[in-house]
Amino acid sequence: MERLGGRLASGQGHPTSRSRYHPCKKWVPSTTAAWDRTYQRAGPQKEPQGRLAVSWLVHETSQLVKRGQRDPRLQPEAPGVPTPPGCATGRLPRAASARTDVRDCSVHPPYLPPTAINTTVRLAALRDTMRAHGVHAYIVPSSDAHMSEYIAERDSRLGWLTGFTGSAGTGVVTQDKAALWTDSRYWTQAERQLDCNWELQRTIWIESIGLWILEAVPVGGNISLDPFLFSIDTWNSYSRALHGSGRTLLPIETNLVDQVWGDQRPPPASSEIYSLPAEFTGSSWQEKVAGIRQQMEQHVRRPTAVLLSGLEETAWLFNLRGDDIPYNPVFYSYTLLTKTTISLFVDEMRLSAAARQSLRAGCPGPLCVELQQYGQARAHLRRYAQGNVTIWLGTEYTTYGLYGVIPQEKLLEDSYSPVMLAKAVKNAKEQDLLRAAHVRDAVAVIQYLLWLEKMVPQGRVDEFSGAQHIDTLRQAQEHSRGPSFQSISASGLNAALAHYSPSNRSSRKLSVDEMYLTDTGGQYLDGTTDITRTVHWGVPTPLQKEAYTRVLMGNIDLSRLVFPPNTAGRTVESFARRALWDVGLNYGHGTGHGIGNYLSVHEWPVGFQSNNVPLAAGMFTSIEPGYYRDGEFGIRIEDVALVVEAQTKHQSGEKPFLTFEVVSLVPYDRNLINLSLLSPEQIQYLNAYYETIRARVGPELQRQRLEEAYDWLQRSTEPFPLGSAATAATATLGTLALTSLLSVLLTGLQA
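Residues numbered from 1 in each chain as written. Predicted model: local features only at pLDDT ≥ 70, side-chain atom pairs only at ≥ 80, totals over all residues. Heavy atoms only, no water.

Enquirer: An account of the state of the cysteines is requested, with residue identities and associated values reported.
Expert: Inspection of the entire model under this criterion finds two disulfides. The residue that forms a disulfide with Cys105 is Cys196, at a sulfur-sulfur distance of 1.9 Å. Taking the sign of the S-S torsion, about -95 degrees here, the bridge from Cys105 to Cys196 comes out left-handed. Separated by 91 residues along the polypeptide, Cys105 in the loop between helix H3 (57-66) and helix H4 (120-132) and Cys196 in the loop between helix H6 (187-193) and strand S4 (199-201) bring together distant segments of the chain. Across the disulfide, Cys363 is cross-linked to Cys368 (sulfur-sulfur distance 1.9 Å). What sets the handedness of the Cys363 and Cys368 disulfide is the S-S torsion sign, and at about 80 degrees it is right-handed. Take Cys363: its relative accessible area is 26%, and that puts it in the partly exposed class. (Disulfide = S-S within 2.5 Å. Helix = DSSP H or I, 4+ residues; strand = E, 2+ residues; numbered from the N terminus. Buried < 20%, exposed > 50% of the residue type's maximum accessible area, 1.4 Å probe, protein only.)

Enquirer: Lay out the nonpolar core with the relevant residues and their values.
Expert: Ranked by size, the top nonpolar core spans 79 residues in total, and within it Leu452, Leu558, Phe660, Tyr668 and Val697 carry the most contacts. The greatest single-element share of this core, amounting to 12 residues, is contributed by helix H16 (residues 428-455). Listed in part, the 31 residues of the second largest apolar core include Phe318, Phe331, Tyr332 and Leu599. (Core = buried A, V, L, I, M, F, W, Y, C linked by side-chain atoms within 4.5 Å.)

Enquirer: Describe helix H11 (residues 311-318), with residues and values.
Expert: The buried fraction of H11 is high, at eight of eight residues. Along H11, the positions that sit buried rather than exposed are Leu311, Glu312, Glu313, Thr314, Ala315, Trp316, Leu317 and Phe318. Looking at the residues trailing H11, positive phi occurs at Asn319, about 55 degrees.

Enquirer: Tell me about the packing of aromatic side chains, and please be specific about residues and values.
Expert: Tallied over the full model, the rule gives 19 aromatic pairs. Summarising the aromatic geometry, the rings of Tyr400 and Tyr403 are spaced 6.3 Å apart at their centres and angled 35 degrees between planes, so their arrangement reads as tilted. Here Tyr403 and Tyr400 lie together in helix H14 (residues 400-403), a separation of three residues that amounts to about one turn. Using a relative accessible area of 23% as the deciding quantity, one classes Tyr400 as partly exposed. Assessed through its relative accessible area of 10%, Tyr403 is described here as buried. Aromatic side chains Tyr516 and Trp537 sit 5.8 Å apart centroid to centroid with 25 degrees between the ring planes, which places their arrangement in the stacked category. Taken as a pair, Tyr516 in strand S17 (residues 515-520) and Trp537 in the loop between strand S20 (531-536) and helix H18 (542-559) lie far apart in primary sequence, 21 residues in all. One aromatic cluster is present, formed by Tyr668, Tyr685, Tyr689, Tyr690 and Phe720 through successive ring pairs. Of note, Arg670 hangs over the ring of Phe720, and the distance from its end group to the ring centre comes to 4.1 Å. (Phe/Tyr/Trp six-rings, centres within 6.5 Å; stacked < 30°, edge-to-face > 60°. Lys NZ or Arg CZ within 6 Å of the ring centre and 35° of its normal.)

Enquirer: Any details on H4? Residues and values, ideally.
Expert: Between its terminal C-alpha atoms H4 stretches 19 Å, which fits the 18 Å expected from 13 residues at 1.5 Å a residue. For H4, the set of buried residues is Arg122, Leu123, Leu126, Arg127, Thr129 and Met130. Angularly, the buried residues of H4 cover 160 degrees about the axis, an arc narrow enough to put them on a single face. In this structure, the buried side of H4 is in contact with strand S1 (137-141), helix H5 (157-162), strand S2 (170-174), strand S3 (178-181) and helix H9 (256-261). Directly after H4, the chain includes Gly134, whose backbone phi takes a positive value near 70 degrees. (Expected span 1.5 Å × (residues − 1). Arc of directions from axis to C-beta. Contact = heavy atoms within 4.5 Å.)

Enquirer: So what's going on with the sheet that holds S20? Which residues, and what values?
Expert: Through backbone hydrogen bonds, the strands of a sheet pair up, either in parallel or in antiparallel fashion. Spatial ordering of the open sheet is given by S16-S17-S20, a layout of three strands whose pairing is antiparallel. Every other strand in the sheet has two partners, leaving strand S16 (488-491) and S20 as the edge strands with one partner each. Sheet twist, expressed as the average angle between the axes of neighbouring strands with direction ignored, equals 10 degrees. Across four bridges, the pairing between S16 and S17 is antiparallel. (Pairing = 2+ DSSP bridges. Axes fitted to C-alpha atoms, helices over the stretch in contact; angles between N-to-C directions.)

As structure tokens, then:
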């Protein structure tokens, strides 16, 4: 499951002729109440991208216009011509090719799919509140007070206001306009969920938001936001974008959306916060605290305290887990760790007896955890900052609201806190725990693929029932704690949406004539998993087969890459894209993300993007290239891999080169692989990978007495033939090209 989307050009627009002509003479408007349904979040992970399986009126019409033809449905009415069917409902008549899953704001009245939320009343209430506070534009992010990527329903302010449930987005509301910015993963989802009160801006650049605000807000206007929902870096970016414009960036600590949301806002979390059993931790929390304090002593600035705002940081440091955010075993908290004291800001009443005993066992003394109320973190930090102190924090996860109470001269700023960086590098025990979790997870996924092979030809599986079934299979595995995100189960054109998840209300039937993408993951006490496989049970088209094979080639090329120590992921990320680039294909999302030990499925700062840290032995990352053809199909192949030391013929420098050990252990779909495109080296890699799957997963299938699944695994991991001499020659050239590409990338990085 990829974390961040790329910045691609927008998709097709609507032909202007559709706004000139309308085949309906009369329109019966729908009432606001008919559309203003209560917003319910389906889950914070891999949120639903749409509900209906549909075809393409917008695409069809635009093509007609391009060819100089005119759709007769869009002709102006002639006297005496009866109202076309469907006009009594106030909507365009729906032909067999009508696309009904996305909004169409170019027609009158606008067409909204059932998945859209009417936001008129909510926007009006927010604008009233803005006027009361003297606000001309209000910025609403998709984050919470801890900069969490996935958030609780209570913190889904953007989702409640807009109807858009994607994990990444920013909304801006003025007195007469409203716009949403999001990345390419969510463009189609936004068109399905937004009503026509909202403009969709297909980018996430703050510069774009700033320019839009400058056009919408006159000089002298106030642009406001909640300072506890924006990181330091994001605040500074908005400040730069508006600097010298005559507009004022004004923080308001009272959240205006919360005021409008009122008593309909979901209540705070109340579930238990518990200790992780020792057999599932890499080290004790006391050892982790000692390691961070040692880093404080060794730092040239000699900080007196470390501030932790990210929820994963505190959970990892104290070996505690909770259920405050669906699919993420974290809890709301802050930590201030000094050389001699530890302050944990949390709802103390929610701590289990064992957790409380663990935290208080060292009292009094430097390993005594002082428990304080969650809401007192800012006041405590303000008092502490009045002394002769230096506070070390990570700007990516600290909000401007907390940052603002610390005098500038008392700050030690890094992108990530020392706890975030320590958590990213798993020790030997943590590595073994994650490997073991992936073996059992592979058992569940293999059972699922076998079940699909048997059931889909009978027409007995749809996207939603498939997602439920894989979750059930995982739940049966030892140490399971549920899914790690909302399962992506996408058939045909729905798979072209990178983050589509089905619902019980609308779900496409799986068919042997279409591709199927399953992107799922599990939470286990010993690790978090995330794996994507794309399959086809019938006869794929040549394009589907070539695209799949090239996605697989990219996965292989990056997985088997050997690279120097201290190499940034962004430097080698293009190896996953090269086979696609060769034929003019690409994908618009990131290539990988870190993953936790029974923590978040997206764990920063590991990955292949520009703001990730250099790769180091002990880090886990996903590798997940893909290809998506809008309205037709989608492909993604995702594995989780551990960064390990490479066994090379020579060694240059003090540190060894690095490579990846893939820990996801599920075979790929043989039906979609075009062997003629693969080099001998790539085939050898596949065969070695399949040997590993047999050696590690086979015995576990037999231990669980899953003989049918074991037989399926043996068939699916038969070795591939190595191919012809011509292929070998082509492969040699390909290897040289890859080596040259890496050399250029590394040279550019060092320049």
